[in-house]
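Coordinate inspection notes
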Number of protein chains: 2
Amino acid sequence: MYIIIIGCGRLGSTLAAELADAGYNVAVIDNDSKKLDALGSGFNGLRVKGIVYDNSALKEANISRATCVVAVTPDDNLNITASLIAKNIFKVRRVIARINDPSKKDVYKVLDIETINPTELISYIIKSKIEGDPK
Amino acid sequence: MYIIIIGCGRLGSTLAAELADAGYNVAVIDNDSKKLDALGSGFNGLRVKGIVYDNSALKEANISRATCVVAVTPDDNLNITASLIAKNIFKVRRVIARINDPSKKDVYKVLDIETINPTELISYIIKSKIEGDPK
């Protein structure tokens, strides 16, 4: 299984390290080489510096071999664009995109892209923690 | 059960709305009145404009009645400070703080404050989704 992570911010880099540690083949694309460097020497995946939805960056990341693409930049529009290209041009089997603005949910639905909304999930988890308390 | 939410950003406002909708008594403190306004007219909780760790803001939010304080600003140091005050000065029974920088985990541990790290949790959730796929 070969996973491409788009965006090497806090979430992307944490996910990249965790997946690589778990034995997955991982590539990470980011425009900022400092962020890629911050993955450290322990990270044995591929690092690609480039515009995350750019064909040349995606090809350098061997997208034709990817079984999964995860778009987790902080920018919803970047994530949508990269996800669409991965899904429709490179026919990647599974594409998961981070969504920050809940109002964009419908866009993803129309495009048939699986999403994960960190804010909603964390809010739900905190609520569940509180609900465990006696009222 | 009375819950004070510290920070009315994306996470704080989502959580405030969700808890209020679930029937909890909720107060939200933020320094930015625009963010408090953005909770909308449907939000029936208390809105307090002020510095989140300031005694007068906390008192205006009726912290002496609070059963739970959740500190979810994007600033770890603000969350630590507010949590400490809630726990040690106002003796709030349960305090939960958002932590963004994992290196701060030890600080919280020493201070005996319950934390939630959104990045680690979301990374774990995405990894679990991927692991459901055939390799």
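That block above? That's the structure.
A quick note: this is a predicted structure, and the numbers were derived from the prediction, not measured.

Each value, and the rule that gives it
- Residues numbered from 1 in each chain as written.
- Chains lettered and ligands numbered in written order.
- Predicted model: local features only at pLDDT ≥ 70, side-chain atom pairs only at ≥ 80, totals over all residues.
- Heavy atoms only, no water.
- Helix = DSSP H or I, 4+ residues; strand = E, 2+ residues; numbered from the N terminus.
- Rg over C-alpha atoms; globule rule 2.2 N^0.38 Å.
- Buried < 20%, exposed > 50% of the residue type's maximum accessible area, 1.4 Å probe, protein only.
- Lys, Arg positive; Asp, Glu negative; His and termini not counted.
- Salt bridge = Lys/Arg side-chain N within 4 Å of Asp/Glu carboxyl O.
- Polar contact = N/O pair within 3.5 Å; in protein donor to acceptor, adjacent residues only side chain to side chain.
- Contact = heavy atoms within 4.5 Å.
- Axes fitted to C-alpha atoms, helices over the stretch in contact; angles between N-to-C directions.
- Parallel < 35°, antiparallel > 145°, perpendicular 65-115°, else oblique.
- Left-handed = near helix turned anticlockwise from the far one by under 90°.
- Nonpolar A, V, L, I, M, F, W, Y, C, P; charged D, E, K, R; others polar.
- Disulfide = S-S within 2.5 Å.
- Least-squares fit on C-alpha atoms with pLDDT ≥ 70 in both.

Before going further, it helps to examine the overall build of chain A. A tally of helices and strands in chain A yields six helices and six strands. Along its sequence from the N terminus, chain A presents helices and strands in the succession β-α-β-α-β-α-β-α-β-α-β-α. On C-alpha atoms alone, chain A measures out to a radius of gyration of 16 Å, which is about the 14 Å that the 2.2 N^0.38 rule sets for 135 residues. Principal-axis analysis of the C-alpha atoms places the extent of chain A at approximately 55 × 35 × 25 Å.

Take the side chain of Asp30 of chain B next. Residues and elements named next belong to chain B. Mapping Asp30 onto the fold places it in strand E2 (residues 25–30). Of the side chains bearing the opposite charge, Lys35 lies closest to the buried Asp30, which forms no salt bridge; the N-O distance is 5.1 Å. Among the polar contacts listed, one links the side chain of Asp30 to the backbone nitrogen of Cys8, at a separation of 2.6 Å. Reaching out from Asp30, the side chain makes a polar contact with the backbone nitrogen of Asp32 at a distance of 2.8 Å. Ignoring sequence-local partners within four residues, the contact set of Asp30 consists of Gly7, Cys8, Gly9, Lys35, Leu36, Val48, Lys49, Gly50 and Val52.

Contact geometry of helix H6 (residues 118–131) of chain A with helix H1 (residues 10–21) of chain B gives a least axis separation of 9 Å together with a crossing angle of 50 degrees. When the axes of H6 of chain A and H1 of chain B are compared, the pair comes out oblique. When you trace H6 of chain A past H1 of chain B, the crossing you get is right-handed. Note on element contacts: H1 of chain B touches H6 of chain A through Arg10, Leu11, Thr14, Leu15, Glu18 and Leu19 of chain B, opposite Thr119, Ile122, Ser123, Tyr124, Ile126, Lys127 and Ile130 of chain A. Looking at the contact of H6 of chain A with H1 of chain B residue by residue, the classes come out as seven nonpolar, three polar and three charged.

Per the counting criterion, the structure on display carries zero disulfides over all chains. In this model Cys8 of chain B remains outside any disulfide bridge; the closest cysteine sulfur is found in Cys68 of chain B, 16 Å from its own.

As a further point, take the relation of the copies chain B and chain A. Mapping chain B onto chain A calls for a rotation angle of 180 degrees and an axial translation of 0.0 Å; the resulting RMSD is 0.0 Å. Taken together, these values place the two copies in the relation of a two-fold axis. The rotation axis passes nearest to the C-alpha of Pro118 of chain B in chain B, at a distance of 3.7 Å. Comparing contact sets, 100% of the residues at the interface of chain B also lie at the interface in chain A, consistent with an isologous, same-surface contact.

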